[in-house]
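Examination of the molecular architecture
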Amino acid sequence: MTSHDRMSWLARAGQLSAVLLISGTLVACGSDSASEQSAVAGDSASRDQAQACDDTSGNPGGGQGAECRDDSVPEPTIPQPQASCSEDQALEGGRNYPVYLTSASDETIAFQVFEPTGGIDCNQGHPLVLHGHGFGGSRSLSGFDDYLEAGFTVISIDQRGFGESTGTVRVMDPEFEGEDLVQILDWAEDNLDYLRKQQDPALPPELNPNLVVGAIGGSYGGGYQILLHGLDPKQRMDAMVPDITWHDLRYSLNPGDVIKSGWDLVLVAGGEAGAFGNLNEGLDPIIVEILAQGVTLNRFPAEGLDFFYYHSPLYRCAGVPIEPREDISLINYQINPPAYDVPPEAFKPVDVLLTQGMKDTLFNFNEAWRNYQCLSALGGDVRLMTHQSGHILPVAAPDELQPANYVDPTAQILQIPSFQEAAGAFACGEVSIARATLDWLRHKLLGDALPGYFDGSEDQVCLSLADGQSVQVPMDGFPAPATTGELLTGPFMVERSVANGLPITSGALAAATPAAPPAVLPLGTVGAEGAVIGGIPSARLSVTDAINPLNTCVDALPYSPGCDPIIFVGIGKRGEGESLWSLVDDQITPVRGVKQDANVELVGIAEQLNAGDEVALLVYGFHPQYPESWSRDAAIPSVNVTGTVQLPVLSGTLSEPAL
């Protein structure tokens, strides 16, 4: 074990205790691994066996469980004889088997190979489709029938630190997970001689004929696709379908310089459980320390932001390298600092179907839109479809328990806040995202025609409004700020001025009274024909000290006393005759510090509104999505909020709010 990995379980538990203490109140992320299925004969080191080696001591890596595990790399358990066109053997297809490799970092890389069903075609060859699991999951041993019947070979991967792949989880580090992924592709090309290759005129002669490769997976299983495409020196990726994945982990985990403590805690708990559950080593110590320090101090360490930037598509999209820092606060960074050796070279053109959940509160629509902007600018065929699913923690009080539904009308102001509502369909209107994923790869890798439901998708975004409802919005002029830090403009933009009435609590008082209603800053009422809002709203806000309006700390150092309120803002709606407000798509944006005319990019939304619905900017001093991220600044317990909101209204009208 390297010095980077030498952290005892007791020390690790002590470091995480504060982080995990409150995570028990949240719903843990589920694994997306498929139901277990026995591999072919010879699978003597299968995942079933590894999971049977339980640790009776209660400490991962110790007790009887440790005696059961063989840390040596198993030999590949390829069925004999191996399918081979050159040897003219075992060409009936339809089998699957695990393979184990030794990585450049001296860890085990495990993956499952699925042969196409119906026989192997040595004349045409079979495109390869890679599959990656979500964070905390492991490779799937079934569930690819449609792909295999279509003629694809599938490889489902245990990412580093999960399943039977060993090592610590580095969250798609180019120097660890990235190298592992390239090694898997190299193995496939060297050992599966029935894979399809083609001449690609865009590539130099030395890279032709080029392997035909596609990739699928969601969340963590989307991140690996973009990482591999950027790293592969042979440029073998032809088509990708990353679902609900990230663009900039700094924004994902620390938007507006406010740690997204609800999801960060769940990711730590789920990642550790997913890794330790398979007798692996868990999250890398530097990641644990970054997140633990972030929650404890209520701010991310600067070197932690560098670490997550390096692990994001934005690193290549922006093309900005990481400069060494002199002031280092992370112990693990000091012991074994990240190298950041991979330069931020631009991605090569690639065909991508990006899919994204509008209700996703971890990797939200803004991330998909920024990935779209980056990848489409390269010249590939890049499209974007949305759905009603994603990273969802449906923790909400039932309607019948909401105080506003049974308290005297004069007291109908309380509302038990929710993390978010339940997910909807994995579809954009009537279009199944699962079917679209397969059809996209059939088109790009096999040459099949795209079904009619793809018509117009080359220059329009499919925005999911609700189950069975969607709208097509032109890419050209799509209602979103041109770049981060700018305001929404264009023909779909409707601007409204906002100002609070009573002061808005921030900090300990807000956290102590979570059932207090949000401040409602009206934006207007929907006209008789109804309306559709869809895109990325923005706001230009001033946040001032409600007690001392002359507070002059706008230019002060971050986190200075009296200068560090935290509020949470989102677009809300309320039906005609209703008392409770709800966040559209459950999306909320943190705003930190005293501000003067600051541009704030809100989270993307898409919603069908009914006639008479009221729309407002909702402002909270505490929100359950950020359970440990409320302001600690006792010197500024309440604030005033004024400014303008730029709302993307695709159709219909929104009246001016009453004075």
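Placed above this text is the structure.
I will try to describe carefully the structure that is included in this document. (Residues numbered from 1 in each chain as written. Predicted model: local features only at pLDDT ≥ 70, side-chain atom pairs only at ≥ 80, totals over all residues. Heavy atoms only, no water.)

**Observations concerning the overall build of the protein**
The number of helices and strands found in the protein is 15 helices and 25 strands. Relative to its full complement of 659 residues, the protein shows a buried share of 58%. For the protein, the accessible area works out to roughly 25,600 Å², and carbon and sulfur atoms hold 52% of it. (Helix = DSSP H or I, 4+ residues; strand = E, 2+ residues; numbered from the N terminus. Buried < 20%, exposed > 50% of the residue type's maximum accessible area, 1.4 Å probe, protein only. Areas by Shrake-Rupley, 256 points an atom, 1.4 Å probe, with all protein chains shown as cover.)

**Details of helix H5 (residues 177–191)**
Between its first and last C-alpha atoms H5 spans 21 Å; for 15 residues at 1.5 Å apiece the expected length is 21 Å, and the two agree. The set of residues buried in H5 consists of Glu177, Gly178, Asp180, Leu181, Val182, Ile184, Leu185, Trp187, Ala188 and Glu189. (Expected span 1.5 Å × (residues − 1).)

**Side note on the packing of H5 against helix H6 (residues 220–231)**
The contact between H5 and H6 brings their axes to 9 Å, and the two run at 75°. Viewed along their axes, H5 and H6 adopt a mutual orientation that is roughly perpendicular. Touching Glu177, Gly178, Glu179, Leu181, Val182 and Leu185 of H5 are Tyr220, Tyr224, Leu227, Leu228 and Leu231, all from H6. (Axes fitted to C-alpha atoms, helices over the stretch in contact; angles between N-to-C directions. Parallel < 35°, antiparallel > 145°, perpendicular 65-115°, else oblique. Contact = heavy atoms within 4.5 Å.)

**Re the nonpolar core**
Counting residues in each nonpolar core, the largest one holds 97 residues, and the members touching the most others are Phe111, Trp187 and Trp369. Membership of the second largest hydrophobic core comes to 33 residues, among which are Ala519, Val569, Val584 and Val594. (Core = buried A, V, L, I, M, F, W, Y, C linked by side-chain atoms within 4.5 Å.)

**Quick look at the packing of aromatic side chains**
Under the definition given, this model contains 19 aromatic pairs. Ring plane angle 45° and centroid distance 6.1 Å describe the contact between Tyr147 and Phe152, whose orientation is recorded as tilted. Consider the rings of Phe568 and Tyr626, whose centres lie 5.0 Å apart with planes at 35°: the pair is tilted. Of this pair, Phe568 sits in strand S19 (residues 566–574) while Tyr626 sits in the loop between strand S24 (614–620) and strand S25 (638–654), placing them 58 residues apart in sequence. Here Tyr626 falls in the buried class, since its relative accessible area comes to 2%. (Phe/Tyr/Trp six-rings, centres within 6.5 Å; stacked < 30°, edge-to-face > 60°.)

**Some points on the pairing of strand S17 (residues 519–535)**
Counted residue by residue, S17 has twelve buried out of 17 residues, so it is predominantly covered. Of the pairings in the sheet, the one linking S17 to S24 comprises six bridges and is antiparallel in character. Across the sheet, the residue bridging to Leu521 is Leu617, located in S24. The sheet contact formed by S17 and S25 spans four bridges and is antiparallel. By the bridge assignment for S25, Val526 is matched with Leu654. The pairing of S17 with strand S23 (residues 605–609) spans five bridges and is classified as antiparallel. Among the inter-strand pairings, Ala531 is bridged to a residue of S23, identified as Leu609. (Pairing = 2+ DSSP bridges.)

**A short note on unusual backbone geometry**
A cis amide bond links Asn208 to the next residue, Pro209, at an omega of -5°. Relative to the elements of secondary structure, Pro209 occurs in the loop between strand S5 (197–198) and strand S6 (210–211). With a phi angle near 65°, Asp106 is a residue other than glycine that sits in the positive phi range. Topologically, Asp106 is positioned in the loop between strand S1 (96–102) and strand S2 (108–114). If you check the backbone angles, Val171 has positive phi at about 60° while not being a glycine. Along the polypeptide, Val171 turns up in the loop between strand S4 (153–158) and H5.

**Focus on the packing of helix H9 (residues 285–297) against helix H10 (residues 302–310)**
Orientation of H9 relative to H10, taken along the N-to-C sense of each, is 125°, at an axis distance of 10 Å. With respect to H10, the axis of H9 lies oblique. For the pair H9 and H10, the crossing hand works out as left-handed. Across the interface between the two elements, Ile286, Ile287, Ile290 and Leu291 from H9 touch Gly304, Phe307 and Phe308 from H10. Class assignment of the residues belonging to the contact of H9 with H10 gives a composition of six nonpolar, one polar and no charged. (Left-handed = near helix turned anticlockwise from the far one by under 90°. Nonpolar A, V, L, I, M, F, W, Y, C, P; charged D, E, K, R; others polar.)

**A short note on the pattern of salt bridges**
Applying the stated criterion across every chain yields a total of 23 salt bridges. Put simply, Glu164 and Arg139 hold a salt bridge, and the shortest N to O gap is 2.9 Å. Linking Glu164 in the loop between S4 and H5 with Arg139 in the loop between strand S3 (128–132) and helix H4 (145–150), this pair joins segments that are 25 residues apart in sequence. Here Glu164 matches Arg139 in class, with each residue buried. Lys197 is the salt-bridge partner of Glu189, the closest N and O atoms lying 3.3 Å from each other. (Salt bridge = Lys/Arg side-chain N within 4 Å of Asp/Glu carboxyl O.)

**Considering the pairing of S24**
With six of its seven residues buried, S24 lies for the most part within the structure. Of the strand pairs in this sheet, S19 and S24 are connected by seven bridges, and their pairing is antiparallel. Considered in S24, the bridge of Gly570 is made with Leu618.

**A few points about the side chain of Asp264**
Relative to the helices and strands, Asp264 resides in helix H8 (residues 261–276). Summary of buried charges: Asp264 has no salt-bridge partner, and the nearest side chain of opposite charge, Lys260, is 7.0 Å away. (Lys, Arg positive; Asp, Glu negative; His and termini not counted.)

**A word on the environment of Pro285**
Relative to the elements of secondary structure, Pro285 occurs in helix H9. Look at Pro285 and you get buried, because its relative accessible area is 1%. Sequence separation between Pro285 and Arg170 is 115 residues; the distance between their C-alpha atoms is 9.2 Å.

**So, the side chain of Ser631**
Within the fold, Ser631 resides in the loop between S24 and S25. For Ser631, the side chain forms a polar contact with the main-chain oxygen of Asp564, separated by 2.6 Å. Separated by 3.1 Å, the side chain of Ser631 and the backbone nitrogen of Asp633 make a polar contact. Setting aside residues no more than four positions away along its own chain, Ser631 makes contact with Ser506, Gly507, Ala508, Asp564, Pro565 and Ile566. (Polar contact = N/O pair within 3.5 Å; in protein donor to acceptor, adjacent residues only side chain to side chain.)

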